[in-house]
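Coordinate inspection notes
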Amino acid sequence: FFQKTLSAVKSWFTLFGWSKGQNPVSIPHSLRRDVRIVQLTIAQEKNFKQKVDKDKGFYEMILHLNGQPIPGIAASQSLSPDPVERMFQLHRQHSELLSFLKGQGAYLSHVMPEFLLAPEDYEIWTEVNTGLRRGSMRSSGKLSARPIFILEHRTFETMSKRAWTDVLLQVYKVFVLPRISSRGVPDPSSLEGLQNMPGIKSEPLCSNVYSRYERAVLIWLNKQYEKNRKIVWKDSQRGGIPPTRWIVNFDRDLLDGLVLAAQVAAYCPYLIPTHFIRMYTNPRTQEQFLHNCLILVKALHSISLDIDIKV
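Residues numbered from 1 in each chain as written. Predicted model: local features only at pLDDT ≥ 70, side-chain atom pairs only at ≥ 80, totals over all residues. Heavy atoms only, no water.

Identification of the protein chain as CFA47 protein from Donacobius atricapilla is taken from an unreviewed UniProt entry.

Quick look at the overall build of the protein chain now. Per the secondary structure count, the protein chain includes 11 helices and zero strands. Within the protein chain, the fraction of its 311 residues that count as buried is 43%. Taking contacts inside the protein chain between residues at least 6 apart in sequence as the whole, the part at least 24 apart equals 64%. A total accessible area of about 17400 Å² is found for the protein chain, and carbon and sulfur atoms account for 54% of it. (Helix = DSSP H or I, 4+ residues; strand = E, 2+ residues; numbered from the N terminus. Buried < 20%, exposed > 50% of the residue type's maximum accessible area, 1.4 Å probe, protein only. Contact = heavy atoms within 4.5 Å. Areas by Shrake-Rupley, 256 points an atom, 1.4 Å probe, with all protein chains shown as cover.)

Between its first and last C-alpha, helix α1 (residues 2-16) extends 21 Å over 15 residues, near the 21 Å set by a 1.5 Å rise per residue. Taken as a whole, α1 has its buried residues at L6, V9, S11, F13 and T14. The secondary structure elements touched by the buried residues of α1 are α3 (58-66) and α6 (153-176). (Expected span 1.5 Å × (residues − 1).)

Here we take up the confidence of the model for the protein chain. Within the protein chain, residue pLDDT values average 81, and 78% of them lie at 70 or more. The weakest mean pLDDT in the protein chain belongs to helix α7 (residues 192-195) at 56; the strongest belongs to helix α11 (residues 286-302) at 95. For residues 40-55, every residue scores under 50 in pLDDT, and the model assigns this stretch 23 contacts once sequence neighbours within four places are set aside. (pLDDT = per-residue confidence, 0-100.)

Quick look at the side chain of E226 now. Its location among the elements puts E226 in helix α8 (residues 212-232). At a separation of 3.2 Å, a polar atom in the side chain of E226 contacts the side chain of T244. (Polar contact = N/O pair within 3.5 Å; in protein donor to acceptor, adjacent residues only side chain to side chain.)

Interaxial distance between helix α9 (residues 258-267) and α11 falls to 10 Å at its minimum, and their mutual angle equals 25 degrees. Compared by their axis directions, α9 and α11 come out roughly parallel. Between α9 and α11 lies a crossing of left-handed hand. Mapping the contact onto sequence places L258, L260, A261 and V264 in α9 and N292, L296 and L300 in α11. (Axes fitted to C-alpha atoms, helices over the stretch in contact; angles between N-to-C directions. Parallel < 35°, antiparallel > 145°, perpendicular 65-115°, else oblique. Left-handed = near helix turned anticlockwise from the far one by under 90°.)

Attention now goes to the nonpolar core. Of all hydrophobic cores here, the largest spans 32 residues; its most connected members are F58, L101 and V167. Those elements that place two or more of their residues in this core are α1, α3, α4 (83-103) and α6. Here the element with the most residues in this core is α6; it accounts for eight residues. Sequence-distant contacts of L101, that is, excluding residues within four places in its chain, are made with A106, L108, V167, V171, V174 and F175. Within the second largest apolar cluster, 24 residues are counted, among which are Y210, I272, A299 and L300. (Core = buried A, V, L, I, M, F, W, Y, C linked by side-chain atoms within 4.5 Å.)

Time to look at the packing of α4 against α6. The interhelical angle for the contact between α4 and α6, taken along N-to-C directions, is 40 degrees, at an axis separation of 11 Å. Regarding the angle of α4 to α6, the classification is oblique. Like other packed secondary-structure pairs, α4 and α6 cross with a definite hand, here left-handed. Residues H94, L98, F100 and L101 of α4 touch α6, and the partners they reach there are W164, V167, V171, V174 and F175. Residue composition of the contact of α4 with α6, grouped by class: eight nonpolar, one polar and no charged. (Nonpolar A, V, L, I, M, F, W, Y, C, P; charged D, E, K, R; others polar.)

With that settled, the discussion passes to the environment of D256. By secondary structure assignment, the location of D256 is in the loop between α8 and α9. In this structure, D256 is in contact with R245, M279, P283, F289 and N292, ignoring residues within four places of it in sequence. A distance of 3.1 Å separates a polar atom in the side chain of D256 from the backbone nitrogen of L258.

Counted by the stated rule, this structure contains nine aromatic pairs. Arranged with centres 5.1 Å apart and planes meeting at 85 degrees, the rings of F58 and W164 form a pair that is edge-to-face. One end of the pair, F58, is in helix α3; the other, W164, is in helix α6, and 106 residues separate them in sequence. The pair F58 / W164 is uniform in exposure class, with both members buried. Ring centres of F100 and F175 lie 6.3 Å apart, and the angle between their planes is 40 degrees; on these two criteria the pair is classed as tilted. (Phe/Tyr/Trp six-rings, centres within 6.5 Å; stacked < 30°, edge-to-face > 60°.)

Right, let's talk about the pattern of salt bridges for a bit. For the coordinates displayed, the defined rule picks out four salt bridges. Taking the shortest distance from any N to any O, the salt bridge between R32 and E157 comes out at 3.2 Å. Pair noted here: R32 is in helix α2 (residues 29-43) and E157 is in helix α6, with a separation of 125 residues, a long-range link. Across this residue pair, the class does not change: R32 and E157 are buried. One salt bridge in this structure joins R245 and D256, with 2.7 Å as the shortest N-O distance. Here the residue R245 occupies a position in the loop between α8 and α9, and D256 occupies one in the loop between α8 and α9, the gap between them amounting to 11 residues. (Salt bridge = Lys/Arg side-chain N within 4 Å of Asp/Glu carboxyl O.)

See the structure below:
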């Protein structure tokens, strides 16, 4: 499950996270490297051999998605050449990042700033906190009074990957999902199938699973599916018109491909006779589910919407 989530996050941020086109993302390696290299390059421009696109740094991505920089953190600021001082700078930046995201509604209480450091900086962090490293004015004391976790290298890499994945997921939640608008969605009172169906409320405290914006997407899925199912499969030879359904989650209710196909058909109706008409509208076997999802993915490829979705 986590590997599939990681792949989806990498694909989305690679394609849509940057202001100047695609930029391959690896979690956590490229994110940790960009934070360090971009800022070190600015401080050591003449002596640094590796060329870096400063518009592809992590904080530039945040600036692009948020529309404004994080208070107290410049997208391009220099880091100290001293390894201990540099670690303190990066730790402070990550602390500011997490505090800012939490202030925007992100759930990141389980992510510590040190989990976002590169392995070499984390090693320095552990040495400073355990009193094994001196030589800096600020290294004489610990970073904070809270309990610390000293992780082995392999455990740290696992934790760092999870932490960066969760940071990106929460960045998506607080900066991208709120752009969703209900404008242009059909009035539910005009859709016969939805009149006798329980509604999904979009108020903030109505769910402890989905945010108000995720529930807005569910409302949109319900309305679009009910509006289009009779249009897309009116001539279906593989089950007829599919029945009304109540779409309440993003996993089980989308497994058979019909709901997503109805959304795509609303914008690309020319895909109905070439692709969607061949779907099973009442699938019961795994083979029929696979058949429907194969058709859906082929339809996405045919319109060049290749976002690396596996069948």
